[in-house]
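Secondary and tertiary structure notes
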Amino acid sequence: MLGPVELEVLRNGLTAAAAEMDVTVWRTSRSTVVRELLDYSTAVFDRDGYNVAQSARIPQHLNSMSAGLLTVVRDHLPLSRWEEGDVVITNDPYCGGQHIPDILAFRPVFAEGERIAIVGTLCHHLDMGGMAAGSYAATATEIFQEGLRLPPLKLYRRGVLNADLLAVMRQNVRQPEILWGDLQAQIASLSVGEANLRKLAARFGADAVVAGCAQILDGSERAMRAMIGRIPDGHYEFEDFLDDDGITADPIRIHAAITVRGEEMSVDLSGCGPQALGPVNATLASAHSAVSYAVMAVADEPIPANAGCYRPIAVTAPEGTVVSARHPAPVANRIAATHRLATTLLGALHQAVPERVPAAYYGVSYVCSFQTVQEDGARGVLVEIEVGGSGAHPEGDGLSAFTFGMHNNSNIPAEMIESELPLTITRYGLLPGSGGAGRYRGGLGLVREWRIDAQEAVFTANAERFRFRPYGLAGGEPGSAGRLLLLRGNEVRSLGSKVNNLRLRRGDVIRLETSGGGGFGPPEERTAEARARDRALGYVPA
């Protein structure tokens, strides 16, 4: 067993390894989704597949990577078959993945003749085929329509590339060179992680690294139990709704019942609606991500994030619900269900610890995908994921156009888009009046416009919060609803929140308006000085 000082050095060494893997992906990736939007994550796992350290990347990814790896080794590729130099990949949501654009890649780390750890990366790839560019088909009714599914397979076996597997992947995607470039970034990241783990093994010894990982997980479990123990015992419920599934107009209920008893917490999601026909469903691993995020978000002191944190939390989610979909339900827009689950869980936890929970953030990934077609037939793909306003909190206003909750994305600069594709960003800025009113105002959403400069283009959108606005708390008002418009000459056409393969022509403009965050506290309690500042800065309509 490592002493306290050695254990802390090891823990920071593992976290640093994950962080250096993160930087490696960023510096070597090819697509704007990974390089600019930063839609990827990196982590280090113990020898059995439990997350022990992670980079500061995307909660939706990080909280589910361990579940994905454990599914792979339990049901598909036992660790006894993993060898030095192997790289195992999958993107199948029903084999441990999230949704088809996300490719998980794992490499075992050996030292002194034994497996001491596993390093992993997850990247959102620009396109994995399917019926819509970006593999985000808004009207898919089964996963077979969403793109190329990869069961857990070895892309590298003992350091040798599986060229046949790579050829199949390249043949089935719209931008094969970019796919291979981002895959190489993942492989480079795994090599960096492996090298750093071996350095730690050389310093502490292989057995000490294995034992230290177990100690780290146990320490996080103790910290989480203590934190839960400081939440008042009780039963807390909340519900929110998805607008629709892109196929029917029926809203979809998201309900959570949280019970805190001593140092343990149970989360019952049985009240969520049945799985949808359209692709807003989430698998159980994705739903667990939302639960993990929400509980960590209300912690009253820092807790090292790893698999040990989640041992005191029991989740019930019957198969066949929208948060625990049954194969072959489509899941391309699974983030719709997990965003809404996150805000629902936070709404319930507000009843227990009101001083720690803000009003609802925008709670949706505004995914807009374009495929442009030039006169010579050249095609390009752009996937953008926009954000909105965060919710106001007990001590201040929400942040505007700020990545929040299950997100941790950046934006793609207009200059980068315009230099690579026949698209022009004609407007990009804050949306006045979109934040919910309150003693403290919700953050503002944003407006972004894309003009088509190609001969033609195809547009797909997966959005939310067009009907059910981000809620306010403690008397605060909800944030604005989202909106999507097609501007064609003098015509202004309203679009739904889900759009699949809409044909566009040169000069057309797509305008997206995202939701603001909810307000906190009664609006009449907002100070005159704060109202004057809102007007002066243009945060409210003149």
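Residues numbered from 1 in each chain as written. Predicted model: local features only at pLDDT ≥ 70, side-chain atom pairs only at ≥ 80, totals over all residues. Heavy atoms only, no water.

Going by what an unreviewed UniProt entry lists, the protein chain is known as Hydantoinase B/oxoprolinase family protein and is assigned to Roseomonas gilardii.

1. Re the overall build of the protein chain
Counting its regular elements, the protein chain contains 10 helices and 20 strands. Scaling as 2.2 N^0.38, a compact globule of 542 residues should have a C-alpha radius of gyration of about 24 Å, and the protein chain matches this with 23 Å. Once the C-alpha set of the protein chain is aligned to its principal axes, its extents read approximately 70 × 65 × 40 Å. Taking all 542 residues of the protein chain together, the buried fraction comes to 62%. Considering only contacts in the protein chain between residues 6 or more positions apart, those separated by 24 or more positions represent 73%. Surface accessibility of the protein chain: about 19,400 Å² in total, with carbon and sulfur atoms responsible for 51%. One finds the centroid of the 50 positive side-chain charges in the protein chain at a distance of 2 Å from the centroid of its 62 negative side-chain charges. (Helix = DSSP H or I, 4+ residues; strand = E, 2+ residues; numbered from the N terminus. Rg over C-alpha atoms; globule rule 2.2 N^0.38 Å. Buried < 20%, exposed > 50% of the residue type's maximum accessible area, 1.4 Å probe, protein only. Contact = heavy atoms within 4.5 Å. Areas by Shrake-Rupley, 256 points an atom, 1.4 Å probe, with all protein chains shown as cover. Lys, Arg positive; Asp, Glu negative; His and termini not counted. Charge placed at Lys NZ, Arg CZ, Asp CG, Glu CD.)

2. Observations regarding the sheet that holds strand β8 (residues 234-242)
Ordered in space as β8-β9-β10-β11, the four strands form an open sheet in which the pairing is mixed. The sheet terminates laterally at β8 and β11 (313-316), the two strands that pair on one side only. Between one strand axis and the next, the sheet turns by 15° as a mean value, whatever way the strands run. Where strand β10 (residues 264-268) meets β11, four bridges bridge the pair, whose relative direction is parallel. Counterpart to methionine 265 in the pairing with β11 is isoleucine 313. Docked against the sheet, helix α8 (residues 334-352) engages β8, β9 (252-261) and β10, running at close to 145° with respect to β8. (Pairing = 2+ DSSP bridges. Axes fitted to C-alpha atoms, helices over the stretch in contact; angles between N-to-C directions.)

3. A few points about the pattern of salt bridges
What the rule picks out here adds up to 42 salt bridges. We note a salt bridge from arginine 158 to glutamate 83, for which the minimum N-O separation is 2.7 Å. Placement of the pair is arginine 158 in the loop between β6 (153-157) and β7 (160-161) and glutamate 83 in the loop between α3 (59-75) and β3 (87-90), with a sequence separation of 75 residues. The exposure class of arginine 158 is exposed, given its relative accessible area of 58%. Under the relative-accessibility criterion, glutamate 83 is labelled partly exposed at 27%. The salt bridge involving arginine 511 is made with glutamate 449; its shortest N-O contact spans 2.8 Å. (Salt bridge = Lys/Arg side-chain N within 4 Å of Asp/Glu carboxyl O.)

4. So, the pairing of β10
Of the two faces of β10, the one holding Met265 and Val267 is buried and the one holding Glu264, Ser266 and Asp268 is not buried anywhere. Here β9 runs beside β10; their pairing, made up of five bridges, is antiparallel. Looking across to β10, one finds that threonine 259 is bridged to serine 266. Taken together, β10, helix α7 (residues 284-297) and β11 constitute a β-α-β crossover, and its handedness is right-handed. (Right-handed = clockwise from strand over helix to strand, strands pointing away.)

5. Concerning helix α4 (residues 163-171)
Taken residue by residue, α4 has Leu165, Leu166 and Met169 as its buried positions. Taken around the axis of α4, the buried residues stretch over an arc of 100°, which confines them to a single face. With respect to the buried face of α4, the exposed residues turned more than 90 degrees away are Asp164 and Gln171. In this structure, the buried residues of α4 make contact with β3, β4 (102-111), β6, β7 and α5 (176-204). (Arc of directions from axis to C-beta.)

6. A few points about the nonpolar core
With 90 residues, the main nonpolar core has Phe370 and Phe459 as its most contacted residues. At nine residues, the largest contribution of residues to this core is made by α8. Apart from residues no more than four positions distant in its own chain, phenylalanine 459 is found in contact with Cys368, Ser369, Phe370, Leu484, Leu495, Val499, Asn500, Asn501, Leu502, Leu504 and Ile510. Counting 50 residues, the second largest nonpolar core, distinct from the first, contains Val44, Leu166, Ala208 and Ala325. (Core = buried A, V, L, I, M, F, W, Y, C linked by side-chain atoms within 4.5 Å.)

7. Points about the sheet that holds strand β5 (residues 114-124)
Spatial ordering of the open sheet is given by β2-β1-β5-β4-β3-β6-β7, a layout of seven strands whose pairing is antiparallel. Only two strands of the sheet have a single partner each, and these edge strands are β2 (51-54) and β7. The pairing of strand β1 (residues 40-46) with β5 spans seven bridges and is classified as antiparallel. Bridging across to β5, valine 44 finds its partner in valine 119. Contacting β3, β4, β6 and β7, α4 runs over the sheet at an angle of about 125° to β6.

8. With respect to the environment of histidine 350
Following the sequence through the fold, histidine 350 ends up in helix α8. Distance in space between the C-alpha atoms of histidine 350 and glutamine 98 is 28 Å, their sequence separation being 252 residues. If near-sequence neighbours (up to four positions away) are discounted, histidine 350 is found in contact with Val357, Leu473 and Phe520.

9. What about the side chain of histidine 124?
Mapping histidine 124 onto the fold places it in strand β5. Ignoring anything within four residues of it in the chain, the contact list for histidine 124 reads Val33, Val34, Asp39, His99, Pro101, Asp102, Tyr136 and Ile385.

10. Structural notes on the layout of surface pockets
Approximately 650 Å³ is the volume attributed to the largest pocket. Residue lining of the largest pocket: 30 residues in total, with Ala67, Thr71, Leu284, Ala285 and His288 positioned closest to the centre. If you list the elements that add at least two residues to the lining of the largest pocket, you get α3, α7 and β11. Looking at the lining of the largest pocket element by element, the count peaks at eight residues for α3. For the lining of the largest pocket, the residue count by class is 14 nonpolar, 12 polar and four charged. Its boundaries defined by the atoms lining it, the second largest pocket holds a volume of some 490 Å³. Lining the second largest pocket are 25 residues; nearest its centre among them are Pro59, Tyr293, Met296, Ala297 and Gly405. Of all the secondary structure elements, the ones that give two or more residues to the lining of the second largest pocket are α3 and α7. A class-by-class count of the residues in the lining of the second largest pocket yields 16 nonpolar, six polar and three charged. (1 Å grid on protein atoms, 1.4 Å probe; cavity = no way out; pocket = protein on both sides within 12 Å on 5 of 7 lines; lining within 4 Å. Points joined across faces, edges and corners; volume = space filled by probe spheres on them. Nonpolar A, V, L, I, M, F, W, Y, C, P; charged D, E, K, R; others polar.)

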